[in-house]
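# Structural description and commentary
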Amino acid sequence: MKKLPIEAILDKMTTAEKANLCDGEGSWHTHGVERLGIPGAMMTDGPHGLRKRIQVNDEWTTVHSTCLPTASALAASWNREVAALAANTIAKEAVAESVSVVLGPGVNMKRSPLCGRNFEYFSEDPYFAGDFAAAYINAMQGNGVGSCIKHFAVNNQETNRRLVNAVVSQRALREIYLRAFEIAVKEADPWSVMAAFNKVNGYYATQNKELLQTVLRDEWGYRGLVVSDW
């Protein structure tokens, strides 16, 4: 059986080169493999506007970009075309700035008014959040720019978000916290999924076999890239 191009390239890579792809080069790039013509990819924040960081005279600064309404404000329109328009705008600026992947949208549930990222999330309703995210992602990727849906999963508070253990029943996990991700993954197939910092039922999201293998890969059939929260 003839191998796919990606498999043929992997066969030519050394173990060290493969391992290097699992690490970041600085704050915003993946490593490339120059001898095989594999470039590093640049990612930037940008659910509400591109946030490309560059160094000028040894100081970090942000490239000027269009500032768009937050996810919460976009969602208040109840209009998928508004989500698509925002994503199109960001994607065009990403292309102009040679950005490969935009880190967004965020589809975690709004479960507490104290969550510091509520403005980054669409809704407290998983069906609406998933549907709105799918429209956003499809528009983004229609411009050749990857979308990284986040934060998978149960990232619903900022306080101790790198340490907190979210204990959730299977029914609540499936019906509330995973449903928006499921809808977006199946309807829009984002290029990447960002795992959360927190633990879910005792295991860190980046090391959580149930989330990353059983649910995302085996049940939902996802074949894209999973990236850790930087």
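That block above? That's the structure.
The text that follows walks through the structure, step by step, so that each part is easy to find. None of these values were measured; they are calculated from a predicted model. (Residues numbered from 1 in each chain as written. Predicted model: local features only at pLDDT ≥ 70, side-chain atom pairs only at ≥ 80, totals over all residues. Heavy atoms only, no water.)

## Some remarks on the nonpolar core
Membership of the largest hydrophobic core comes to 60 residues, with the highest contact counts inside it found for Phe122, Tyr136, Met140, Phe152, Val154, Leu178 and Trp220. Ranked by the residues each element gives to this core, the list is headed by helix α5 (residues 126-141), at 10 residues. Among all residues touching phenylalanine 152, those that are not within four sequence positions of it are Leu178, Phe181, Val193, Met194, Ala195, Ala196, Ala205, Leu211, Leu212, Leu216 and Trp220. (Core = buried A, V, L, I, M, F, W, Y, C linked by side-chain atoms within 4.5 Å. Buried < 20%, exposed > 50% of the residue type's maximum accessible area, 1.4 Å probe, protein only. Helix = DSSP H or I, 4+ residues; strand = E, 2+ residues; numbered from the N terminus. Contact = heavy atoms within 4.5 Å.)

## A few points about the packing of helix α4 (residues 80-96) against α5
Direction vectors running N to C along α4 and α5 enclose 35 degrees, while the axes themselves pass 8 Å from each other. Crossing angle aside, the handedness with which α4 passes α5 is right-handed. Here α4 contributes Arg80, Ala83, Ala84, Ala87, Asn88, Ile90 and Ala91 to the contact with α5, which in turn contributes Asp131, Phe132, Ala135, Tyr136, Ala139 and Met140. For the contact of α4 with α5, the per-class residue count stands at 10 nonpolar, one polar and two charged. (Axes fitted to C-alpha atoms, helices over the stretch in contact; angles between N-to-C directions. Left-handed = near helix turned anticlockwise from the far one by under 90°. Nonpolar A, V, L, I, M, F, W, Y, C, P; charged D, E, K, R; others polar.)

## Quick word on the sheet that holds strand β7 (residues 146-152)
Read from one edge of the open sheet, five strands run β3-β6-β7-β9-β12, paired in parallel fashion. Strand pairing shows two members of the sheet lacking a second neighbour, β3 (43-45) and β12 (225-228), which therefore form its edges. Taken over all neighbouring pairs, the strand axes of this sheet differ in orientation by 30 degrees on average, direction set aside. Bridge count between strand β9 (residues 192-195) and β12: four bridges; the pairing is parallel. In the strand pairing of β12, alanine 195 is matched with serine 228. In the packing of α5 onto the sheet, the strands contacted are β6 (101-103) and β7, and the crossing angle to β7 comes to about 150 degrees. (Pairing = 2+ DSSP bridges.)

## Re a nonpolar patch on the surface
Taken together, the side chains of Ile6, Ile9 and Leu10 present a nonpolar region at the surface, about 230 Å² in accessible area. Looking at the secondary structure, you find leucine 10 in helix α1 (residues 5-12). (Patch = residues over 30% accessible without salt bridge, like charges linked within 9 Å, V, L, I, M, F, W, Y side chains within 5 Å. Areas by Shrake-Rupley, 256 points an atom, 1.4 Å probe, with all protein chains shown as cover. Salt bridge = Lys/Arg side-chain N within 4 Å of Asp/Glu carboxyl O.)

## Things to note about the pairing of β9
Going residue by residue along β9, you find Ser192 and Met194 tucked away on one face and Val193 and Ala195 tucked away on the opposite face as well. In this structure, β7 lies alongside β9, joined through three bridges in parallel fashion. Along β9, the bridge assignment pairs cysteine 148 with serine 192.

## Re the pairing of strand β4 (residues 53-56)
Taken together, the four bridges between β4 and strand β5 (residues 59-62) define a ladder with antiparallel strand orientation. Paired with isoleucine 54 across the strands is threonine 61, a residue of β5. Where β4 hands over to β5, the hairpin turn is made up of two residues, of which asparagine 57 adopts a positive phi near 55 degrees.

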